[in-house]
Structures are given as structure tokens and as C-alpha cells.
Amino acid sequence: MRELLKTDLKRVLKDKLFLVLCIIAVAFALFMPLLFKLLFGIMEMEDMLGMVVDAKTLLFSAFMPGDNFGLICAVLLTIILCKDFSQGTIRNKIICGKKRSHVFLSLFITACIILCAVMLAHALLTLGVSLCFFEYQATEFTAADFGTLMLSLLFEMFVYAFVAALIACLCVSMKNAGLAVVLYVAITFLCTILGSIVSAALAFSNPDDTFTHGLLTFLNNINLFVSPVIGNVASYGWKELLYVLVPSLVGAALFVGAGLLIFKKKDLK
């Protein structure tokens, strides 16, 4: 298992697409804060739209799985991982006596490590550039804020563990990288659109209608692709913890389990 993981990590890191991925990550980290400075600073759109932009907002926007670099990162990583199937590497591993469960788990762990490392580096670079133009937040940054920030970053890693499980499952389910990418993008867009619809419905819902308002709040908070919880609260209570941990951990477990079952029955040609 350890050898499989080392081999998979080395292959991903040596792939030319990974270099492209890193270049795009740096480009987005530099470009987005500059764009928002231009729009909300020079053009004074902040007053026009009634929005407040700060470094904290840009930091957690950089983590969004269905937006900008988050989507690009997942798509490119899916293409890299699917090369194992198109080039016959997976088949060779099985022939060499490696267990299918170990091969799949190595694929999942590799995806998880790469996604978490790249997205964390991208988001922190975005934060560093953003702090050159904006305050971290409107209020004074305290020790409690630092603790909340660290916990928020940890929660983002749980979200990308879920994304890694989804990618690994799609890689072993689809016949080629193109189908895996198309299905991942479709799932991401669907969850993002549904999140926007639920969020809009929640904004216009009647708080006195306990059942409807509560259901919309629940559906809105468990959507990991457009999470309104991570990075948007002053402190995390047990409800916020459940909104993040349950969907991410249960979702990751389900996709890993499905991936294992599919891969065990998959005909490797």
C-alpha cells in the first residue's frame, strides 16, 4: 500500500498537467485580488452594489469547489488520474499482485493529498495577495478569530476529501477521462445551481413557517459546493460542525465504498 501511494504521488507530481495546474493556481491567486481591487476600489462598485469585500471573503471564495480554480483543479486532477487506466498502469498493478482495494485506496488518498495541498496553497497565496489591498475583515482580528480561521481551513480539507472520493469513484466508473470530467462538471454545476435556488428561496421564505424555513436552511447548509457555513460564522457551534462534518465524511465514505465495489467488478482491458 505504501509503495502504491508513493508511486501514484510521484506520477502525479511528474505529470506535465500538474505543472500547468500549479501555474494556473498562482495565476488565479494573483489575478482575483487584483480584479476585486479594480472593481471595488478604483471603480467604487462596493458602494454601488452594497457589498463589502475583504481578504477573508476572497480566501474562502478561493476554496469553492464549483467556482474558478476549484473546478479547474478537480478537472485537471481527474484527467491526470485517469491516465492510469488509459495507459494500462492500473492493469499492470493488478497483474503484479496488488490488491484492487489497495489500488483504489491509493488512488483516493493520492487525490485527497494533491487536492488538499494545492487548494490550501492556492487559498493562502490568495490571502497573502488580498491582504496587500484589503483588511482581513471589518472588525479587529483577535485570537478567537485565529482559532476560527484554523478550524475553517480544517473544514475545507474535509470538503476536499469528499471531492477526492467523488473523483476517485468517477475515475474507476467511467470508460475514459472525458466521461469522468463531464460527469464531475455536471454534478458540480447541478449542486451549485440547486444551492443558488435554495439560497434564494430561503431569502424569500417566511421565518414563521417553521417547517419550510427549517428545511431550506438545512438544505442550504449541507451543500458542500456552495457552503454558507465555512468561513461565514464568528464561531462554530455543534450545529455548524454537523453541517460540515456529516455531509463531507458520510459523502466521502459513500463514494469510497461505491468506488471499491465498482473497481472490484471492473473489467480491466
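Values in this document were obtained by computation on a predicted structure and should not be read as measured data. Counting restarts for each chain: residues are numbered from 1 in the order of the written sequence. Selection of residues for local features in this predicted model requires a pLDDT of at least 70, selection of side-chain atom pairs for listing and counting requires 80 or more, and totals for whole chains, interfaces and linings are taken over all residues. As a rule here, side-chain values cover all heavy atoms of the structure and leave hydrogens and water aside.

Helix and strand definitions here come from DSSP, where helices need a minimum of 4 consecutive H or I residues and strands a minimum of 2 consecutive E residues; each element is numbered from the N-terminal end. Scanning the protein chain from N- to C-terminus turns up 11 helices and zero strands. Of the regular secondary structure in the protein chain, the N- to C-terminal order runs α-α-α-α-α-α-α-α-α-α-α. The atom set for the radius of gyration is the C-alpha atoms, and the globule formula is 2.2 Å times the number of residues raised to the power 0.38. The globule rule puts the C-alpha radius of gyration for 269 residues at 18 Å, and the 20 Å found for the protein chain is close to it. The criterion used for residue contact is that any of the two residues' heavy atoms lie within 4.5 Å. Partitioning the contacts of the protein chain with sequence separation of at least 6, the portion at a separation of at least 24 is 82%. Working note: accessible area of the protein chain is about 14,000 Å², and carbon and sulfur atoms make up 70% of it. Each accessible area is a Shrake-Rupley result for a 1.4 Å probe, and residues are judged covered by the shown protein chains and nothing else.

Note on definitions: the grid is 1 Å and covers protein atoms alone; a cavity is a set of points where a 1.4 Å probe fits but cannot get out; a pocket is an open set with protein on both sides within 12 Å along at least five of seven lines; lining residues have an atom within 4 Å of a point. Grid points are joined across faces, edges and corners, and a volume is the space filled by probe spheres set on the points. Under the criterion given, the structure shown has one cavity of 30 Å³ or more. A volume near 60 Å³ is recorded for the largest cavity. In terms of lining residues, the largest cavity is bounded by K56, F60, Y136, Q137, D145, T148, L149, S152, G231, V233 and A234. Of all the secondary-structure elements, those providing two or more residues to the lining of the largest cavity are α4 (55–61) and α8 (143–173). Asp, Glu, Lys and Arg are counted as charged, while Ala, Val, Leu, Ile, Met, Phe, Trp, Tyr, Cys and Pro are counted as nonpolar; the rest, among them Gly, fall into the polar class. For the lining of the largest cavity, a count of residues per class yields five nonpolar, four polar and two charged.

A few words now on a nonpolar patch on the surface. On the surface, F189, L190, I193, L194 and I197 cluster together into a nonpolar patch covering about 490 Å² of accessible area. Turning to its location among the elements, F189 is positioned in helix α9 (residues 177–204). Patches were defined on residues exceeding 30% relative accessible area and lacking a salt bridge, with like-charge contacts within 9 Å and nonpolar side-chain contacts (Val, Leu, Ile, Met, Phe, Trp, Tyr) within 5 Å. A side-chain nitrogen of Lys or Arg and a carboxyl oxygen of Asp or Glu constitute a salt bridge if their distance falls within 4 Å.

When two rings of Phe, Tyr or Trp (its six-membered ring) have centres within 6.5 Å they constitute a pair, described as stacked for plane angles under 30 degrees, edge-to-face for angles over 60, and tilted for the intermediate range. Applying the stated criterion to the full structure yields six aromatic pairs. A connected cluster of aromatic rings, assembled from ring pairs, spans F162, F225 and F255. Both a distance and an angle decide whether a charge sits over a ring: NZ of Lys or CZ of Arg must be within 6 Å of the ring centre and within 35 degrees of the ring normal. Taking NZ or CZ as reference, R100 lies 5.6 Å from the ring centre of F263, over its face.

Running from amino to carboxyl end, helix α1 (residues 2–14) crosses helix α7 (residues 100–130) at an angle of 45°, the nearest separation of the two axes being 9 Å. When the axes of α1 and α7 are compared, the pair comes out oblique. By crossing handedness, the relation of α1 to α7 is classed as right-handed. Of the residues in α7, those in contact with L4, L5, D8, L9, V12 and L13 of α1 are H102, V103, S106, L107, I109, T110, I113 and I114. Partitioned by chemical class, the residues of the contact of α1 with α7 number 10 nonpolar, three polar and one charged. Every angle, taken between N-to-C directions, lies between 0 and 180 degrees, and every axis is a line fitted to C-alpha atoms, over only the stretch in contact when it is a helix. Throughout, the term roughly parallel applies to angles under 35 degrees, roughly antiparallel to angles over 145, roughly perpendicular to angles from 65 to 115, and oblique to all others. The hand of a helix crossing depends on one turn: near helix anticlockwise from the far one by less than a right angle means left-handed, and clockwise means right-handed.

Turning to the nonpolar core, a few remarks are in order. Here, nonpolar core refers to any group of buried Ala, Val, Leu, Ile, Met, Phe, Trp, Tyr and Cys residues whose side-chain atoms link them within 4.5 Å. Exposure is judged per residue with a 1.4 Å probe applied to protein chains only, and the accessible area is read against the type maximum: over 50% gives exposed, under 20% gives buried, and values in between give partly exposed. Among the nonpolar cores identified, the biggest contains 68 residues, and F63, L81, L115, V163, I167 and Y184 are the most heavily contacted of them. Of all elements in the fold, only α1, α2 (16–42), α4, α5 (69–86), α7, α8, α9 and α11 (238–265) reach the threshold of two or more residues within this core. It is α8 that contributes the most residues to this core, 17 residues altogether. Excluding anything up to four places from it in sequence, L115 contacts C73, A74, L77, Y160, V163, A164 and I167.

Approximately 380 Å³ is the volume found for the largest pocket. Counting residues per element, the ones that place at least two in the lining of the largest pocket are α4 and α8. For the lining of the largest pocket, a count of residues per class yields 10 nonpolar, five polar and four charged.

Let us look at α8. Expected span of a helix: the number of residues minus one, times 1.5 Å. With 31 residues, α8 extends 46 Å from end C-alpha to end C-alpha; this agrees with the ideal 45 Å at 1.5 Å per step. Buried residues dominate α8, accounting for 22 of its 31 residues.

Turning next to the confidence of the model for the protein chain. For every residue, the predictor reports its confidence as pLDDT, a number between 0 and 100. On average, residues of the protein chain score 85 in pLDDT, and 93% of them reach the 70 mark or higher. The element-level mean pLDDT for the protein chain is lowest in helix α3 (residues 45–49), coming to 49, with α7 highest at 92.

Residue pairs three or four apart in sequence face the same way in an α-helix, which turns once every 3.6 residues. Taking 1.5 Å per residue, 28 residues should reach 40 Å; α9 reaches 41 Å between its end C-alpha atoms and fits that length. Those residues of α9 that are buried are in contact with α5, α8 and α10 (210–221).

Take a positive patch on the surface next. In this tally, Asp and Glu contribute negative charge and Lys and Arg positive charge; neither His nor the terminal groups of the chain are included. Charge placement uses NZ in Lys and CZ in Arg. For Asp and Glu, CG and CD serve respectively. Residues R2, K6, K10 and K14 make up a contiguous surface patch of positive charge. Along the chain, K10 turns up in helix α1. The exposed category is assigned to K10, whose relative accessible area is 53%.

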